[in-house]
Every structure is written in C-alpha cells, then in structure tokens.
Amino acid sequence: MKKQWRSLSDSENYRQGKFENLSPTPMLAENASYGQIIRDQFKRPATIQPSHVLPSVKTNLATLHSETPVIVWFGHSSYLIHCKGTSILVDPVFSGRVSPIAGMMKAYPGTDVYKPEDMPAIDLMIITHNHYDHLNRKTLTQLKPKTSAFYTPLGVGRDIEDCFGNDDVRITEMDWWETENPMPGITLTAAPARHFSGRGLRRGTSLWSSFVLQLYGYTIYIGGDSGYDTHFKTIGEKYGPMDLAILECGQYDEAWPYIHMMPDETLQAAIDLQAKLLLPVHWGKFTLANHPWNEPIIRLTKLAKEKGFPVATPQIGEPVDILQRNSWENWWAESQAQNVK
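Here's what I pulled together on the structure shown here.

Calculation rules
- Residues numbered from 1 in each chain as written.
- Predicted model: local features only at pLDDT ≥ 70, side-chain atom pairs only at ≥ 80, totals over all residues.
- Heavy atoms only, no water.
- Pairing = 2+ DSSP bridges.
- Helix = DSSP H or I, 4+ residues; strand = E, 2+ residues; numbered from the N terminus.
- Axes fitted to C-alpha atoms, helices over the stretch in contact; angles between N-to-C directions.
- Buried < 20%, exposed > 50% of the residue type's maximum accessible area, 1.4 Å probe, protein only.
- Polar contact = N/O pair within 3.5 Å; in protein donor to acceptor, adjacent residues only side chain to side chain.
- Right-handed = clockwise from strand over helix to strand, strands pointing away.

1. Some words on the sheet that holds strand E8 (residues 171-174)
As summarised here, the arrangement of the 7 strands in space is E8-E7-E6-E5-E4-E3-E17, forming an open sheet in which the pairing is mixed. Strand pairing shows two members of the sheet lacking a second neighbour, E8 and strand E17 (320-321), which therefore form its edges. As paired strands, strand E5 (residues 86-90) and strand E6 (residues 124-126) are joined by 3 bridges and run parallel to one another. Paired with Val90 across the bridge in E6 is Ile126.

2. Quick notes on the sheet that holds strand E15 (residues 244-248)
Strand order in the open sheet formed by 6 strands is E9-E10-E13-E14-E15-E16, with mixed pairing between adjacent strands. Each having just a single partner strand, strand E9 (179-183) and strand E16 (278-281) make up the two edges of the open sheet. With strand direction ignored, the average angle separating the axes of adjacent strands in the sheet is 20°.

3. A short note on the side chain of Asn294
Take Asn294: it is sitting in the loop between E16 and helix H6 (295-307). On the accessibility criterion, Asn294 (9% relative accessible area) is buried. A distance of 3.2 Å separates a polar atom in the side chain of Asn294 from the backbone oxygen of Trp332.

4. Section: unusual backbone geometry
The step from Gly240 to Pro241 runs through a cis peptide bond, and the omega angle for that step is 0°. Mapped onto the secondary structure, Pro241 falls in the loop between helix H4 (231-239) and E15. Phi is positive for Gln274, which is not a glycine, with a value near 60°.

5. Overview of the pairing of strand E13 (residues 210-215)
The element E13 is extensively covered by neighbouring structure, given that 5 of its 6 residues are classed as buried. Where E13 lies against strand E14 (residues 218-222), 5 bridges are found, and the strand directions are antiparallel. Bridge pairing in E14 links Leu215 to Tyr218. As consecutive antiparallel partners, E13 and E14 are separated by 2 residues, and within that stretch Tyr216 has a phi angle of approximately 50°, a positive value.

6. Quick look at the pairing of strand E7 (residues 150-153)
Across 2 bridges, the pairing between E6 and E7 is parallel. The partner of Met125 across the bridge, within E7, is Phe150. Handedness of the E6-helix H2 (residues 137-143)-E7 crossover: right-handed. In this structure, E7 lies alongside E8, joined through 4 bridges in parallel fashion. By the bridge assignment for E8, Tyr151 is matched with Thr172.

Here is the structure:
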C-alpha cells in the first residue's frame, strides 16, 4: 500500500509550487552565466582530480563500538555516526559515481573502498536532500534490508520510496524546526540550510535541510549542503554549543557563492554554531567544481590553525572520536602521493 504523504503546501517554506530559502538565493552570482560555466567545463585544470591513489583505512564497522560518538567518513558527504551500539548513516553514496550518466563524476582512485555490504545494521538513515551526490538510488536499494528507519526533509520521502517500489518502509519527512524522537536518548531536529533541491530539470519540489542530532547527551550538527547565511548563528543560539559540526567544504565556485560555502565561510559557520570540533566533508572523493581537489582542506586547515580552531581531517574510513583531539596527518599532500596504477 502506497504511503500517504504530508501536503507540501502546509509548509511555510513552500510558496507558489516550490520550496524557498530563508534569504533570496540566486543560483549564480550577478556577474556569472551558465554559458561561461559550460565553457569552463571544456578547460578544466588537471588538478581537479588527484594524480595518485588516495589512502584510506578499512574499519570493521560491524564490530565498531564506543560509549562516546564516533564518526567514520566515507568521502564526500557520506558518513556513519556510532554511539552506544546505535548506528546512524548520512547521505550514503557507494556506487562509485554521483552522476545519473554512466562514466561521469567517478570516485577518485582509492576512495571507493566502502560498499553497502560493509555497513552495520542501520538504526537511522538521514538523507539531507535529493541531489545525486546525496541520494543514490542504487545504494539505498542495497541498504534497505539493513535500515530500520529513514529521516529526510519534506518531499524527499517520495524519492526514497521510489527506490523500493511499494515495499513498506518507515520514512519520516520533516519540515524545518520540527523535532522527532526516533529512539530513547535520541532527538533529531530538522533545521534550515541555504541550498536547493532537484533531480533532472525539476528544482524546488522537495526541501533541503540540515539536522541537529542530540545523541545520548551529545549534540552533533549535520550540515548537508548549504551556502553561508545567518541560519548558522540562529541554530547555534538555539541548540549550541555543538560537540561536533559536520560542514561542507568543497565543490565551491565564485560563480555560485550562495549555494555552497568557501573555506573561510565553512570555518565561520562552525564558529556561529558554537562548535567544539569541525569535520569538513563534501570533498575528497568526487569532482563537482573546478578548484584543485585538495584546495578546500588546504585552505580550511590554514585558516583554522590561524584561529586556533580544532578541525578533524581523517582519512576515509578512519574513526573520529569527538572527544579526542588527534594529531591528523596531511594525507592529502602531493608529497605523500602514490602514483595511480
């Protein structure tokens, strides 16, 4: 039996047939054009992808256990949050690419080391929005037998359900500022983000969101995709301080400054959120922009060092305990490169 979904028009963020951001958010900067973006695609520098196999750590997720939250990043915006036997998976993409067109936007050599079969039983899966680099149909279909419940913004539940046909799947859609209690000791609040949604040519028919996860006494900010805006400060004032902020850092361009953040804005967002630790994601696996593949982390860590702000920079698969302050390697440095074979 097909699920009866909430009416999108009941949301204050839904106007004239589509969702909108809190602030006016044009797709492109005033001096940018789609024509120039297309032309730039034909002269992309070689540095947008690594020239070597990237290192990773293969963690046995089935035996992973910690009494404090541990995060395992799988590259780009996919990661597992584990605490006290509970596993929460965010935006998993394990198909080796983030384009609906075969052969395009493939994972960097060495980064596609985790597959659905490596995942433990998933208590909650969070999908922040329906872009192809966050909602991957093949991955969701393979993970369905392991997943107890899905939480996602308004409208995205339809995309998740489409992966499974008419199977009975527990999917909860949320509007901004709504709170759910998925399990004892866990609350999940959907919060604003400054972005957009769309698969194919249709935009704005589902909501995009960040989330505040309160997990057994710890608070984790799940950023999804977002340009910089005042919502970070508002969220920090409502729910901070954050034990960890997981924020996008990569796939930016001066041509689209409102829908993705530059590295300095990522750091400022973490400060606004009153975060104790920053984990930068949305980099290190796929190329969606024209900057050098490792430029985001180089710029961010330099800025953070100047301000004395702690940043976790794990390799793919390397567990991060949010209470520990490891001395992270600069594994993205070209000086540590191994040639692609």
